[in-house]
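So you can see what is in the structure, the chains are spelled out below.
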Amino acid sequence: MDRKELEAKILELVSTSYNKDISTLSMDTRIKEDLGGASVLMVGLVSEIENELDVLVQLPVAAACKTIGELVDKTEELL
């Protein structure tokens, strides 16, 4: 999976987990500020990343990401 495919997949998973329109999301979208991320939503997102991409992103690592782009970076490192 290349970077663009990974970005698209994670945007799709964020859109689903946070119930946001994917057209409003980008790599610069701030997880806490822009998505109003409750921790339970992040748990769901991390679970979806694991299920869809077969990669385990630890919850503290994911929760420390400020933007969707940072989350993609961390996921890419683990693939």
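So, a few notes on the structure that sits alongside this text. (Residues numbered from 1 in each chain as written. Predicted model: local features only at pLDDT ≥ 70, side-chain atom pairs only at ≥ 80, totals over all residues. Heavy atoms only, no water.)

**What to know about helix 3 (residues 39–53)**
Item 1. Its 15 residues place the ends of helix 3 21 Å apart at the C-alpha level, agreeing with the 21 Å of an ideal helix rising 1.5 Å per residue.
Item 2. Buried residues of helix 3: Met42, Leu45, Val46, Ile49 and Leu53, and no others. One side of helix 3 carries all its buried residues, which in axial view fall inside an arc of 100°. Projecting away from the buried face of helix 3 at angles above 90 degrees are the exposed residues Val40 and Asn51.
Item 3. Its buried side turned inward, helix 3 meets helix 1 (3–18), helix 2 (31–35), helix 4 (59–64) and helix 5 (68–78).
Item 4. Phi turns positive, to about 55°, at Asp54, one or two residues after helix 3. (Helix = DSSP H or I, 4+ residues; strand = E, 2+ residues; numbered from the N terminus. Expected span 1.5 Å × (residues − 1). Buried < 20%, exposed > 50% of the residue type's maximum accessible area, 1.4 Å probe, protein only. Arc of directions from axis to C-beta. Contact = heavy atoms within 4.5 Å.)

Note that all results are geometric; they support no functional claim without further evidence.
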